Amino acid sequence: MTGKILLYYKFQPIADPEAVRLWQRDLCEGLGLTGRILISKHGINGTVGGDIDACKAYARKTKEYFRGIEFKWSEGSAADFPKLSVKAREEIVAFGAPDELQVDDKGVVGGGTHLTPEQVNELVANNPDVVFFDGRNAREAEIGKFKNAVVPDVETTHDFIRELESGKYDWMKDKPVIAYCTGGIRCEVLTPLMKNRGFEEVYQIDGGIVRYGEKYGNQGLWEGSLYVFDKRMHTEFGAPGDPNFVQLGHCVHCGEATNDFYNCANEPECRHQYLSCAACREANPVCGECAQK
Ligand SMILES: [Zn+2]
Ligand SMILES: [Zn+2]
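Only a predicted model underlies this, so the values are computations on that prediction, with no experimental measurement involved. (Residues numbered from 1 in each chain as written. Chains lettered and ligands numbered in written order. Predicted model: local features only at pLDDT ≥ 70, side-chain atom pairs only at ≥ 80, totals over all residues. Heavy atoms only, no water.)

Visitor: Would you mind showing me how to read the coordination of the zinc ion (ligand 2) here?
Guide: Each angle at a metal carrying four tetrahedral donors should ideally be 109.5 degrees, and each at a metal carrying six octahedral donors should ideally be 90 or 180 degrees. Looking at the metal site, the zinc ion (ligand 2) is ligated by C264 (SG), C270 (SG), C287 (SG) and C290 (SG), spaced 2.2 to 2.4 Å from it. Geometry at the zinc ion (ligand 2) is tetrahedral, judged from its four donor atoms and the angles of 104 to 117 degrees they form at the metal. One chain supplies every donor to the zinc ion (ligand 2), and in sequence these donors are spaced C-x5-C-x16-C-x2-C. Pair noted here: C264 is in the loop between β16 (261-263) and β17 (273-275) and C290 is in helix α9 (residues 288-292), with a separation of 26 residues, a long-range link. Judged on exposure class, the residue C264 and its partner C290 are both buried. (Donors = N, O, S within 2.8 Å, 3.2 Å for Na, K, Ca; no water. Tetrahedral: all angles 85-135°; square planar, octahedral: opposite > 155°, others 65-115°. Helix = DSSP H or I, 4+ residues; strand = E, 2+ residues; numbered from the N terminus. Buried < 20%, exposed > 50% of the residue type's maximum accessible area, 1.4 Å probe, protein only.)

Visitor: Help me out: how do you make sense of the domain arrangement of the protein chain in this one?
Guide: As a measure of interface size, the accessible area lost when the parts come together is often cited. As assigned here, the protein chain comprises domain 1 (3-88), domain 2 (103-235) and domain 3 (261-292). Computed over C-alpha atoms, the centres of domain 2 and domain 3 are 28 Å apart. (Domains from an automatic or database assignment.)

Visitor: Whenever I open this one, the sheet that holds strand β11 (residues 176-180) confuses me. Can you help?
Guide: Two pairing modes exist for strands in a sheet, parallel and antiparallel, and in both the strands are linked by backbone hydrogen bonds. Spatial strand order, β8-β12-β11-β9: four strands in an open sheet with parallel pairing. Taken across any chain shown, the strands that pair with only one partner, and hence form the sheet edges, are β8 (113-115) and β9 (131-134). Taken pair by pair, the neighbouring strands of this sheet meet at an average axis angle of 35 degrees, ignoring direction. The sheet contact formed by β8 and strand β12 (residues 201-205) spans three bridges and is parallel. Bridging across to β12, L115 finds its partner in I205. (Pairing = 2+ DSSP bridges. Axes fitted to C-alpha atoms, helices over the stretch in contact; angles between N-to-C directions.)

Visitor: When you look at the pairing of strand β2 (residues 34-40) in this model, what are you seeing that I'm missing?
Guide: Every other side chain in a regular strand lies on the same face of the sheet, so the side chains alternate between the two faces. Summarising burial for β2: six of the seven residues are buried, a large majority. Taking the residues that link successive antiparallel strands as the turn, the β2-strand β3 (residues 43-51) hairpin has two residues. As paired strands, β2 and strand β5 (residues 84-88) are joined by five bridges and run parallel to one another. Bridge pairing in β5 places I37 opposite V86.

Visitor: I keep staring at the nonpolar core and nothing clicks. Help me out?
Guide: The tendency in soluble globular proteins is for nonpolar side chains to be buried side by side. In terms of nonpolar packing, the biggest core is built from 29 residues, with F11, F133, M172, L190 and M194 touching the most fellow members. Of all the secondary-structure elements, those providing two or more residues to this core are β9, α5 (160-164), β11 and α6 (185-196). A per-element tally of this core places α6 first, with six residues. Once residues within four sequence positions are removed from consideration, M194 is found in contact with F133, L164, V177, A179, F199 and V202. (Core = buried A, V, L, I, M, F, W, Y, C linked by side-chain atoms within 4.5 Å. Contact = heavy atoms within 4.5 Å.)

Visitor: Honestly, the UniProt feature "domain: Rhodanese" (unreviewed entry) in the protein chain in this entry has me stumped. Any pointers?
Guide: Look at the UniProt record and you will see "domain: Rhodanese" (unreviewed entry) annotated at residues 126-221. Annotated as residues 126-221, this span is 32% helix and 18% strand, and its ends, taken at the C-alpha atoms, are 14 Å apart. (UniProt positions renumbered as here; feature names shortened; annotations may be inferred.)

Visitor: So what exactly am I meant to see when it comes to the pattern of salt bridges here?
Guide: Opposite charge on two side chains makes pairing possible when the charged atoms of those side chains draw close. For the coordinates displayed, the defined rule picks out 15 salt bridges. For R21, the salt bridge identified is with E18, shortest N-O distance 3.0 Å. Residue R21 and its partner E18 are located together in helix α1 (residues 17-31), separated by three residues, close to a single helical turn. R21 gets classed as buried once you look at its relative accessible area, which sits at 17%. Note that D170 is salt-bridged to K173, the shortest N-O span being 3.2 Å. Residue D170 is classed as partly exposed on the basis of its relative accessible area of 39%. (Salt bridge = Lys/Arg side-chain N within 4 Å of Asp/Glu carboxyl O.)

Visitor: What's the story with the sheet that holds β2 in this structure? I'm lost.
Guide: Strand order in the open sheet made by the five strands is β4-β1-β3-β2-β5, with mixed pairing throughout. Only two strands of the sheet have a single neighbouring strand rather than two, namely β4 (70-75) and β5. The sheet shows a mean angle of 15 degrees between the axes of neighbouring strands, taken without regard to direction. Contacts between helix α2 (residues 52-65) and the sheet are confined to β1 (3-11), β2, β3 and β4, with β3 contributing the most and set at about 160 degrees to the helix. Across the sheet, α6 lies against β1 and β3, angled at about 15 degrees from β1, the strand it touches most.

Written out as structure tokens, the structure is:
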């Protein structure tokens, strides 16, 4: 039996999220899929895995209600997820702004202009003022980011509004800003929040870093690795040993090149994930802050 994983999201008004939740739960249970699905009045965001035929049936059924939804197919199976979790929440991406986000039949209202990877390069080539703005948490950017990107000081998406209102980024407000994140969903929410706070010319990348990397690998404006939310933890564009690959991550203890994140052993007091080489991890399995204590 061949397995697959489906990743997807769709912003679309949902009058009764609880009804959609029950339908999605029954659909997944009937097909033997596992994974995680969030539903809100603004849409759906999910990752499910299972048998390939079950995934196909799931995609077909889900498209009947979420018209135009795009599924990203990747290798894997139901075994990649411990169970099925289908929840109705205030937000499908937790920015803490459920009432500010407006969604209509066409998707998010008032978001940044969508750019293809080619259009990203064109915009940057034609305008020296363009700023990349990282829409992920700061830890993700430690191993990879767009060239010269501004990386805000956020641990979770909940911190973005505070950051945007801090004044630190006001210098960017009259410049073209390209917000980016892993697969695009976080920027769907982040970019209208930016525009509502006075950022005048805001863009986002169709399909996020993933699609940009598929197009340009290490030959474009991306530098380093991509942090991913599965057991791989990170992935690289291009073949191993690609001379154009830029190594950004370094061990917090000795400075050696590494892209390996570990959880600080000082749990539960410390919840930091930090970069470490194998030797330092062996000798002292705590984050930089805890090592100072
Ligand atoms: Zn080290
Ligand atoms: Zn720590």
